[in-house]
Amino acid sequence: MEHYKYIKAQDSEVYDALIGEEERERTGIELIPSENYVSLAVREAEGSVLTNKYAEGYPGRRYYGGQQYTDVVETLAIERAKQLFNCAYANVQPLGGAAANVAMYFALMEPGDTVLGMDLSHGGHLTHGHPTTSINKVFNFVRYKMKDVDTGEIDYEHLRQMALKHKPKIILAGFSAYSRELDYAKFVAIAKEVGAYTVADVAHIAGLIAAGALRNPFDDGFDVMTTTTHKTLRGPRGGMILVRESEDLAKRINKTVFPGVQGGPHMHIIAAKAVAFGEALHPRFKIYAVQVLKNAKAMEQVFKAHNIRLLGGGTDNHLLLADVYGSLGITGAEAEAVLDEVGITLNKNMIADEPRTALDPSGIRFGTPAMTTRGMGEGEAAALAELMIRTLNAKDDPVEKAKIKAQVQQLCEQFPVPPAFV
Ligand SMILES: *Cc1c(COP(=O)(O)O)cnc(C)c1O
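Trainee: Before we move on, could you go through the environment of Asp155 and cite the residues and values that matter?
Mentor: With respect to the element layout, Asp155 can be found in the loop between strand 6 (140–144) and helix 7 (156–166). For the pair Asp155 and Tyr144, spaced eleven residues apart in the sequence, the C-alpha separation amounts to 7.2 Å.

Here you go:
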């Protein structure tokens, strides 16, 4: 493949950064659970001529002419999304997961209305009403938590009491740092009692749901799902909103996405979503999704064997949260930095009811989607977990770190990126 021929000829500064990033991705192990490697086909679509086109509106109802091909790709993305998630409506225009959530909130609520969502230190996401977000000024956010942080079980009775007390318009399920499966039916039953909509923000686990490896909240009667398209779903950076069956909700969501909160859709990204959803419908995607879970389990077993505390007691999905400060006396920020030194990328993370600070918390969060896309299996996952733990114990040992780094490099060479899909 000829690399960035035109950028190389006209812009050496950007060219150097792109080549540097390629090198970084090739020579490091990516364990950030929200990241992945898209296929070259997805990247071709992202780099396509559709970036030139304004297509405000929806297929068949646009504000500009010349929509023969935009309508084709957006309709393909919509139809494939509906098939993947077994639902009646899909809006594929949100620019990201945060944008999808903003549109969803405005579509389902009036300013001042209440959302009952997961406590942020128990795994909820910034976009679920963190005090620093703008959306927090518009809507009222109240919280539920885990009953027991060492099993990860949600406190459904507390959730119900909060729902009865606060009468939320939305009960929100979904996380960016939670490793257990949810009892979606319980959310639906509580929402029915108080007349709330059920929304699942499946940004992290969408690919696993699409593949049937994790439970689909729509099967338990959830009203709406929001998601990113670039995490486990392995598509371009973007968002999406899905509606199980209500035409009324779907219409409100469409109007809120455009013209409510967005302008022209990014048609090149929508084309890439269509390509990625096509990949996700392929049997090979199911194999990937199942392997993501197996690899996470393999890592869990190694961490447990070393008596390192895992939040939630382990994992049912693609990610793990380890209390490295409590178990090894190394802070989350120190762990992130020393793992970076040996070529393993992950992020520091707050643990439930964090005793330390957000900038230097007790935990690390890591996951298996990217390494699985690269072709690694349980053997490599377990080996990586051993290397991670060795690294955490070798913070001040340059010789040991150099040895580990060499082993990481070997793994990287065995499993090149970007992987071709077909
Ligand atoms: C990643 C994530 C988002 C935000 O997605 P962006 O594309 O970064 O805006 C929203 N909700 C959850 C649960 C997430 O994990």
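Trainee: Let's hear about the domain arrangement of the chain: which residues, and what values?
Mentor: Structurally, the chain comprises domain 1 (44–280) and domain 2 (291–414). The C-alpha centroid of domain 2 is placed 29 Å from the C-alpha centroid of domain 1. If you look at the interface, domain 1 gives 21 residues, while domain 2 gives 23 residues. It is Ser121, Ser179 and Arg180 that lose the most area in domain 1 upon contact with domain 2, and together they represent 32% of the buried surface on that side. At the surface where domain 1 touches domain 2, the tally comes to three salt bridges. Residues Arg180 and Asp316 are paired through a salt bridge, measuring 2.8 Å at the closest nitrogen-oxygen approach. Classifying every residue of the side of domain 1 that touches domain 2 gives eight nonpolar, eight polar and five charged.

Trainee: Requested: an account of the packing of aromatic side chains, with residues and values cited.
Mentor: Two aromatic rings are characterised by how far apart their centres lie and by the angle between their planes. Under the counting rule described, the total for this entry stands at twelve aromatic pairs. Ring centres 5.0 Å apart and planes at 35 degrees place the aromatic pair Phe303 and Phe366 in the tilted group. Note that Phe303 is positioned in helix 12 (residues 283–305) and Phe366 in strand 14 (residues 363–367), a separation of 63 residues in sequence. Each member of the pair, Phe303 together with Phe366, is buried. Note that Arg234 overlies the ring of Tyr288, its terminal NZ or CZ placed 4.1 Å from the centroid.

Trainee: If you had to explain the sheet that holds strand 11 (residues 319–323) to someone new, which residues and values would you point to?
Mentor: Taking strand neighbours across the sheet as the criterion, the three strands line up as 11-14-13 in an open arrangement whose pairing is antiparallel. Of all the strands in the sheet, the pair left with one neighbour each is strand 11 and strand 13 (347–349). Each strand of the sheet is rotated relative to its neighbour by a mean of 35 degrees, with strand direction disregarded. Summarising the sheet, strand 13 and strand 14 pair through three bridges and their orientation is antiparallel. Across the sheet, residue Lys348 finds its bridge partner in strand 14, namely Ile364. The strands touched by helix 12 within the sheet are strand 11 and strand 14, with strand 11 carrying the most contacts at an inclination of about 15 degrees.

Trainee: Can you explain the sheet that holds strand 5 (residues 114–118)? Please cite residues and give values.
Mentor: By way of backbone hydrogen bonds, the strands of a sheet pair with one another, either parallel or antiparallel. Strand order in this open sheet of seven strands is 4-10-9-8-7-5-6, and the pairing throughout is mixed. Strands at the two margins of the open sheet, each flanked by one partner only, are strand 4 (89–91) and strand 6. Within this sheet the neighbouring strands show an average axis-to-axis angle of 20 degrees, counted without direction. With three bridges connecting them, strand 8 (residues 197–201) and strand 9 (residues 224–228) associate as parallel partners. When the bridges of strand 9 are listed, Val199 appears paired with Val224.

Trainee: An account of the site of the ligand is requested, with residue identities and associated values reported.
Mentor: Around the ligand sit 14 residues in total, of which Gly97, Ala98, Asp201, His204 and Lys231 are the nearest. Between the ligand and Asp201, the relevant distance is 2.6 Å, taken from a nitrogen atom to a side-chain nitrogen or oxygen of the residue. In the complex, the protein chains occlude 83% of the 380 Å² of accessible area that the ligand would expose alone. If one sorts the elements of the shell around the ligand by residue count, helix 5 (residues 97–108) sits on top with three residues. Here the shell around the ligand is composed, by residue class, of three nonpolar, nine polar and two charged.

Reading the values: rules and limits
- Residues numbered from 1 in each chain as written.
- Predicted model: local features only at pLDDT ≥ 70, side-chain atom pairs only at ≥ 80, totals over all residues.
- Heavy atoms only, no water.
- Helix = DSSP H or I, 4+ residues; strand = E, 2+ residues; numbered from the N terminus.
- Domains from an automatic or database assignment.
- Contact = heavy atoms within 4.5 Å.
- Buried area = accessible area lost by both parts, 1.4 Å probe.
- Salt bridge = Lys/Arg side-chain N within 4 Å of Asp/Glu carboxyl O.
- Nonpolar A, V, L, I, M, F, W, Y, C, P; charged D, E, K, R; others polar.
- Phe/Tyr/Trp six-rings, centres within 6.5 Å; stacked < 30°, edge-to-face > 60°.
- Buried < 20%, exposed > 50% of the residue type's maximum accessible area, 1.4 Å probe, protein only.
- Lys NZ or Arg CZ within 6 Å of the ring centre and 35° of its normal.
- Pairing = 2+ DSSP bridges.
- Axes fitted to C-alpha atoms, helices over the stretch in contact; angles between N-to-C directions.
- Near = heavy atom within 4 Å.
- Polar contact = N/O pair within 3.5 Å; in protein donor to acceptor, adjacent residues only side chain to side chain.
- Areas by Shrake-Rupley, 256 points an atom, 1.4 Å probe, with all protein chains shown as cover.

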